[in-house]
Amino acid sequence: MLTDGGVVMSTTVVQGQSCPQPSFFEKNKFTILRNVAYLTVIFFLIILPTFKIVKIDIARNQAFIFGKQVPLAEGLAPVIFAIGIFAILVIILNLILGRVFCGWICPGGWFAELQEKFRKMWWTPKSPTGQKITYIVFTLFTSIIFSLLFLNWVTDLRVFFYVTNPSFVPMWLVFLAMTGMFYFELFIGKRWCRVFCPTGIYQKITPYHHLYKPTLVNVDACTDCRECVKNCPMALDPRRMAYINDFYKGIQACIECYNCIDSCVKAQSEKCLPVAMGIVKELPPRDPDFISGKSLNKHTN
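Residues numbered from 1 in each chain as written. Predicted model: local features only at pLDDT ≥ 70, side-chain atom pairs only at ≥ 80, totals over all residues. Heavy atoms only, no water.

> So, the pairing of strand β8 (residues 213-216): which residues are in play, and what are the values?
Residues of β8 alternate between two faces, with K213 and T215 on one and P214 and L216 on the opposite face, all of them buried. Sheet analysis places β8 next to strand β9 (residues 277-280), joined by 4 bridges and oriented antiparallel. Counted as the bridge partner of P214 is I279 from β9. (Buried < 20%, exposed > 50% of the residue type's maximum accessible area, 1.4 Å probe, protein only. Helix = DSSP H or I, 4+ residues; strand = E, 2+ residues; numbered from the N terminus. Pairing = 2+ DSSP bridges.)

> Explain helix α9 (residues 198-205) residue by residue, including any values.
Count 3.6 residues to each turn of an α-helix, and residues three or four apart come out pointing the same way. Within the span of α9, buried status applies to G200, Q203 and K204. Buried residues of α9, seen end-on, are gathered within an arc of 100 degrees and therefore sit on one face of the element. Pointing more than 90 degrees away from the buried face of α9 are the exposed residues P198 and I205. On its buried face, α9 sits against α3 (72-97), α4 (100-105) and α8 (191-196). (Arc of directions from axis to C-beta. Contact = heavy atoms within 4.5 Å.)

> Lay out the sheet that holds strand β7 (residues 68-71) in plain terms, naming residues and giving numbers.
The 3 strands are arranged β5-β6-β7 in an open sheet whose pairing can be described as antiparallel. Each edge of the sheet is formed by a strand with only one pairing partner; in this case those strands are β5 (54-57) and β7. Strand-to-strand twist in this sheet, taken as the mean axis angle between neighbours without regard to direction, amounts to 25 degrees. With 4 bridges connecting them, β5 and strand β6 (residues 62-65) associate as antiparallel partners. When the sheet's bridge partners are listed, I56 is paired in β6 with A63. Along the sheet face, α3 touches β5, β6 and β7 and points at about 105 degrees away from the line of β7. (Axes fitted to C-alpha atoms, helices over the stretch in contact; angles between N-to-C directions.)

> Talk me through the state of the cysteines; I want residue IDs and the actual numbers.
Under the counting rule described, the total for this entry stands at 1 disulfide. Paired through a disulfide, C19 and C272 show a sulfur-sulfur distance of 2.0 Å. Residues C19 and C272 are joined by a disulfide whose S-S torsion is about -75 degrees; by sign, that bridge is left-handed. Here C19 is found in strand β4 (residues 17-20), whereas its partner C272 is found in the loop between α11 (259-270) and β9, with 253 residues between them in sequence. In this pair, the class of C19 matches that of C272, namely buried. Free of any disulfide, C222 has its nearest neighbouring cysteine sulfur in C225, separated by 6.5 Å. (Disulfide = S-S within 2.5 Å.)

> Hey, could you go over the environment of L45 for me, with residue numbers and the actual values?
Mapped onto the secondary structure, L45 falls in helix α2 (residues 29-50). A C-alpha to C-alpha distance of 42 Å links L45 and S292, two positions 247 residues apart in sequence. Contacts of L45, omitting those with residues within four sequence positions, involve P107, L149 and W153.

> A description of unusual backbone geometry should follow, citing residues and the corresponding values.
Despite not being glycine, K52 has its phi angle at roughly 60 degrees, a positive value. Summarising the element assignment, K52 is placed in the loop between α2 and β5. On the basis of relative accessible area, K52 is assigned to the partly exposed category, the value being 33%.

The following block contains the structure:
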């Protein structure tokens, strides 16, 4: 073990060469930061309506702004304003940083990414029936939670238990429809974000610019282990996607999650090699073979 400024670091020996290993945070920096960002958003999505800081209650024809009860119509005005601000904010983020909303803010993206991990464990061609049933039940449970998370913004959830309330049947129909939609979203995991998500499509077709671009910055260090490709939630090749102008395979589809960076740090540190992936503002010039992927395939482990 080595110490660096009081921090204990492990070492790895590869072919007689000893090298210090990055800390857990260094290996998972962007994953940790993204989860903190996602969970912070989810926290506020729960807290704001639950404590009636901002809440619409359709079932009782009322609303709450900073805990003060107001008529429903009066409460809808700031909500509509907030939705407008949200749409503008997404466009601005897209223009400056690319699809960071998908990679760092959207709770649906976090749920889908988490679901994708369970899908790989429980829903494969070789998975036993018991695991597949577990995945179905887990997805249904998550879909219900996700539906209630959003419905809590527009109604008092107790309405689902009061048959005499006029909103009882309509809210149940909305709940079932939302749960069905979320079930489809979560069952297919991150494929929802890649293909079906309306917000994702909206961001792809609006003007965009990526101030920071993940790409392969050290070609000689790359061993073509493809860990960055395997761990990209959008099924891209992060090493060269920034050079590709394509709706599905190019940087338009990148959500700036930087999983590729974390994956590269882990894979390269185990081999005592420098990190090959990085984040740049200006892309280094590359030849057509690199952009097509031909030259990358020449690197072997």
